[in-house]
Amino acid sequence: MKMAVGDLLFVKGNCNFSPFIRFFLKSEYTHVTIAVDEEQICEVDLYRKMEIMKNPYKEYDLYRLKVNLTEDQQKELLHFLHKKVSTSKGYDWWRLISLCVKRYFRWNIIIHEQDRYICSEIIDKAFQHIGIDLVEDLVTGDVTPIDIMRSERIEHVSSIYRVKDSLIEKGRFKKSG
C-alpha cells in the first residue's frame, strides 16, 4: 500500500522517552507523522525540528481519512506543512509535559512555545487548517497520537513491516474501537 498525501503513520517508538510517553498517555503509540507523497513524510520529533524527509520507519500502522481529500485540500495541506517547516524552532517539550500532567492529574493546563510543536499537534492543526476536525471534543492541537487514532474520520489501512529493502504489508483491515 503506497502512502498518499495526508495519510497518517502511527509509530510505536523506541527512543529513551517512549516508555515515559506510553505510561502517561496510556498508549502503545508514541509518535504520529503525516505523508506528503508516496515516499516522504513531514514530522517533528523529540530530537529535531519539523522537516520533510524520506520515510525512515520500518514498522508503522497506516491510517487514512475515510473521505478522500480534494486536490485543493491536498495543496493547502502541503502548503500549511511547508510553511510550518520553514518556521519551526523544534520540539515543544513544554506541551508534551503539560499534556502528560493534564492526562495524569486531570489539571487543565497547557504550556506551549511559539513555533514549536509535538507530532500530534501539528497534524491536528494541519487538518483543522483545511476544515477537517479530526478530534472534535478536544481543543485543536491539544491531542495525542492515540486521540487522533481514535478519530471517527480515519480508518486503519494496513500495518507495514520493512525487512531489509522489502516492504511487508500485514492485511487491510478496519480499525477497532
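For the structure, check the block above.
On a predicted model such as this, the values are computed, not experimentally measured, just so you know. (Residues numbered from 1 in each chain as written. Predicted model: local features only at pLDDT ≥ 70, side-chain atom pairs only at ≥ 80, totals over all residues. Heavy atoms only, no water.)

Considering the pairing of strand E5 (residues 59-65)
Counted residue by residue, E5 has six buried out of seven residues, so it is predominantly covered. As judged from the three bridges shared by strand E1 (residues 8-11) and E5, these two strands associate in the antiparallel manner. Within E5, the position partnered with Phe10 by the bridge is Asp61. (Buried < 20%, exposed > 50% of the residue type's maximum accessible area, 1.4 Å probe, protein only. Helix = DSSP H or I, 4+ residues; strand = E, 2+ residues; numbered from the N terminus. Pairing = 2+ DSSP bridges.)

Observations regarding the environment of Val36
One can find Val36 in the loop between strand E2 (31-35) and strand E3 (40-45). It is 8.3 Å that separates the C-alpha atoms of Val36 and Met3, two residues lying 33 residues apart in sequence. In this structure, Val36 is in contact with Val5, Ile41, Cys42, Ile52, Leu78 and Leu81, ignoring residues within four places of it in sequence. (Contact = heavy atoms within 4.5 Å.)

Details of the packing of aromatic side chains
Inspection of the entire model under this criterion finds one aromatic pair. Look at Phe10 and Tyr63: their rings are 5.0 Å apart centre to centre, the planes differ by 75°, and that puts the pair in the edge-to-face class. Of this pair, Phe10 sits in strand E1 while Tyr63 is found in strand E5, placing the two residues 53 residues apart along the sequence. Assigned by exposure class, Phe10 and Tyr63 land together as buried. (Phe/Tyr/Trp six-rings, centres within 6.5 Å; stacked < 30°, edge-to-face > 60°.)

Section: the side chain of His31
Within the fold, His31 resides in strand E2. The class for His31 is buried, based on a relative accessible area of 9%. Side-chain polar atoms of His31 contact the side chain of Glu43, separated by 2.5 Å. At 3.3 Å, the side chain of His31 and the side chain of Tyr57 are in polar contact. (Polar contact = N/O pair within 3.5 Å; in protein donor to acceptor, adjacent residues only side chain to side chain.)

Re helix H2 (residues 71-87)
Between its terminal C-alpha atoms H2 stretches 25 Å, which fits the 24 Å expected from 17 residues at 1.5 Å a residue. In the core, the buried residues of H2 are packed alongside E2, E3, strand E4 (48-54), strand E7 (116-117) and helix H4 (119-129). (Expected span 1.5 Å × (residues − 1).)

Overview of the nonpolar core
Ranked by internal contacts, the top residues of the largest apolar core, which has 34 residues, are Leu8, Phe10, Leu81, Ile123, Phe127, Leu134 and Ile148. Contributing elements (two or more residues each) for this core: E1, E2, E3, E5, H2, H4 and helix H5 (145-149). Here this core gets five residues from one element, more than from any other, and that element is H4. Ignoring sequence-local partners within four residues, the contact set of Leu8 consists of Val32, Thr33, Ile34, Asp61, Leu62, Tyr63, Ile123, Phe127, Ile148 and Ile154. Within the second largest apolar cluster, eleven residues are counted, among which are Leu9, Val11, Leu62 and Val157. (Core = buried A, V, L, I, M, F, W, Y, C linked by side-chain atoms within 4.5 Å.)

Some points on the packing of H2 against H4
For the pair H2 and H4, interaxial distance at closest approach is 9 Å and the crossing angle is 135°. The angle between H2 and H4 falls in the class oblique. Of the two elements, H2 crosses H4, and the hand of that crossing is right-handed. Across the interface between the two elements, Glu76, Leu77, Phe80, Leu81 and Lys84 from H2 touch Ile122, Lys125, Ala126, Phe127 and His129 from H4. Across the contact of H2 with H4, the residue classes tally to six nonpolar, one polar and three charged. (Axes fitted to C-alpha atoms, helices over the stretch in contact; angles between N-to-C directions. Parallel < 35°, antiparallel > 145°, perpendicular 65-115°, else oblique. Left-handed = near helix turned anticlockwise from the far one by under 90°. Nonpolar A, V, L, I, M, F, W, Y, C, P; charged D, E, K, R; others polar.)

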